[in-house]
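For reference, the chains in residue letters:
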Amino acid sequence: MDTKVPAVTSKALADDVTTDIVLVGAGISAAITAQALASRGHKVVLLDRRPPLSGSTAATTALLQYEIDLPILKLKAKVRLERAVRAWQRTRLALDTLADKVDALKIDCDLERRPSLYLAGTLLNAGQLREEAALRTGAGLHTDYLDRAELRSRYGIDRTAALLSFGNLTAHPLRLAAGFLLDAQRHGAEIFSPVTVSGIESRGGRVVVTTEAGPKIHAGTAIYATGYELPKGARRTRHRIGSTWAIATRPQPRRLWPDRCLIWEASDPYLYVRALPDGRVICGGEDEDFQDEATRDALLPAKTARLEEKLGKLFPALDVRADYAWCGNFGSTPTGLPTIRQVGGKPTILAILAFGGNGITFSSLAAELLVGMVEGRTDIDAGLFA
């Protein structure tokens, strides 16, 4: 939030509006979906009770990975091996699509390809990581297994084992979202804020969105893209909202590890680390299963100290003192997969619940699936994320 981001303008909602698609939200999920729909000729309106990009998008640590929170070895016990593999393959495709779009739209968001290092932890030990590597490679997702000696030699990290994967991304999340919103606006999308939505009703194959201030939006389809602030109708009993904390160090480019790879743990909760282009290190984690803002915020000093300690154990040569520290909410599911589906069985009301550690990757996936839903096409993978 202290870096320069392109301005995304919005306007007041003074009168009723008629459109093809109305998105509730103006963060990263809504941005990618709005661009996908508007660029295909759909008339799109976005509503947000805050200015664009003022919600949870600013808090993401932006490790853009195809690797789902639940490894294939664990996910196959919940959804069967074939479906687990296909879910991983589809998230990889969604991540590649996101990179291609950023390149095609020339969005300046510090997008970089990075490998990922997945460290042995409480979820998977060294032997299980070897099994996981075989499952991933068999699915066409080439993964190298590093034993303790190789991990220490290449990265200076003392863990029993790790997996090295390829083709993940990092980006500046606000610039990324701004780029998609601005391109959506170039294709005619309109953003109205501040607007508080009070209800959405399905009527005769269309929807009517009511707002607290009075004006209504009449549309063919409504899409909830509200991040972790779930409206009553879109809530699902198996989703969980929790709290997470993060720090960013001062710039120290000469102290960074080889490849500047993304780092996370096979643990629950897990520590996650990435390097910024200027040499800062972002470290996050310490997740807890509650969502009360006052309690979450009060824990920031203690959690900051704990993250500094954990980062220091991982990389003793780093200056781990926090130059910035923040906290926020996050969502999770039992499978680590998102929910992208109809709300209440109504085909005119859809929701993007891009929960899990792959939120932005899932937002890219949601745009692909939702375009198909809006245009009446069946996506072979829609059931995996329903």
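Residues numbered from 1 in each chain as written. Predicted model: local features only at pLDDT ≥ 70, side-chain atom pairs only at ≥ 80, totals over all residues. Heavy atoms only, no water.

**Q** Could you clarify how one ought to interpret the state of the cysteines in this entry?
**A** What makes a disulfide is a covalent bond joining the sulfur atoms belonging to two cysteines. Under the counting rule described, the total for this entry stands at zero disulfides. No disulfide involves Cys261; its sulfur sits 14 Å from the nearest other cysteine sulfur, which is in Cys283. Counting only cysteine sulfurs, Cys283 is the nearest neighbor of Cys327, a cysteine outside any disulfide, at a range of 15 Å. Under the relative-accessibility criterion, Cys327 is labelled buried at 18%. (Disulfide = S-S within 2.5 Å. Buried < 20%, exposed > 50% of the residue type's maximum accessible area, 1.4 Å probe, protein only.)

**Q** Is there a simple way to explain the pairing of strand 14 (residues 281–288) in this structure?
**A** As a general feature of sheets, a regular strand has side chains that alternate between the two faces. Counted residue by residue, strand 14 has six buried out of eight residues, so it is predominantly covered. Sheet analysis places strand 11 (residues 240–249) next to strand 14, joined by five bridges and oriented antiparallel. Paired with Ala248 across the bridge in strand 14 is Ile282. Where strand 13 (residues 272–275) meets strand 14, four bridges bridge the pair, whose relative direction is antiparallel. In the sheet register, Val273 faces strand 14, and the bridge partner there is Cys283. If you look at the hairpin formed by strand 13 and strand 14, you'll find five residues sitting between the two strands, and Gly279 has a positive phi there, around 95 degrees. (Helix = DSSP H or I, 4+ residues; strand = E, 2+ residues; numbered from the N terminus. Pairing = 2+ DSSP bridges.)

**Q** Whenever I open this one, the pairing of strand 12 (residues 262–265) confuses me. Can you help?
**A** The alternating pattern of strand 12 places Leu262 and Trp264 and Ile263 and Glu265 on opposite faces, both of which are buried. With four bridges joining them, strand 4 (residues 112–119) and strand 12 adopt parallel strand pairing. In the sheet register, Ser116 faces strand 12, and the bridge partner there is Leu262. Pairing of strand 12 with strand 13 involves two bridges; the strand directions are antiparallel. Bridging across to strand 13, Ile263 finds its partner in Val273.

**Q** Sorry if this is basic, but what is going on with the packing of helix 1 (residues 28–38) against helix 9 (residues 359–374) here?
**A** For any two helices packed against each other, one specifies the crossing angle of their axes together with the interaxial distance. In contact at an axis separation of 9 Å, helix 1 and helix 9 are set at 40 degrees when each is read in the N-to-C sense. In this structure, helix 1 crosses over helix 9, and the sense of that crossing is right-handed. Here helix 1 contributes Ile28, Ser29, Ile32, Thr33, Ala36 and Leu37 to the contact with helix 9, which in turn contributes Ile360, Ser363, Ser364, Ala367, Leu370, Val371 and Val374. Within the contact of helix 1 with helix 9, the residues separate by chemical class into nine nonpolar, four polar and no charged. (Axes fitted to C-alpha atoms, helices over the stretch in contact; angles between N-to-C directions. Left-handed = near helix turned anticlockwise from the far one by under 90°. Contact = heavy atoms within 4.5 Å. Nonpolar A, V, L, I, M, F, W, Y, C, P; charged D, E, K, R; others polar.)

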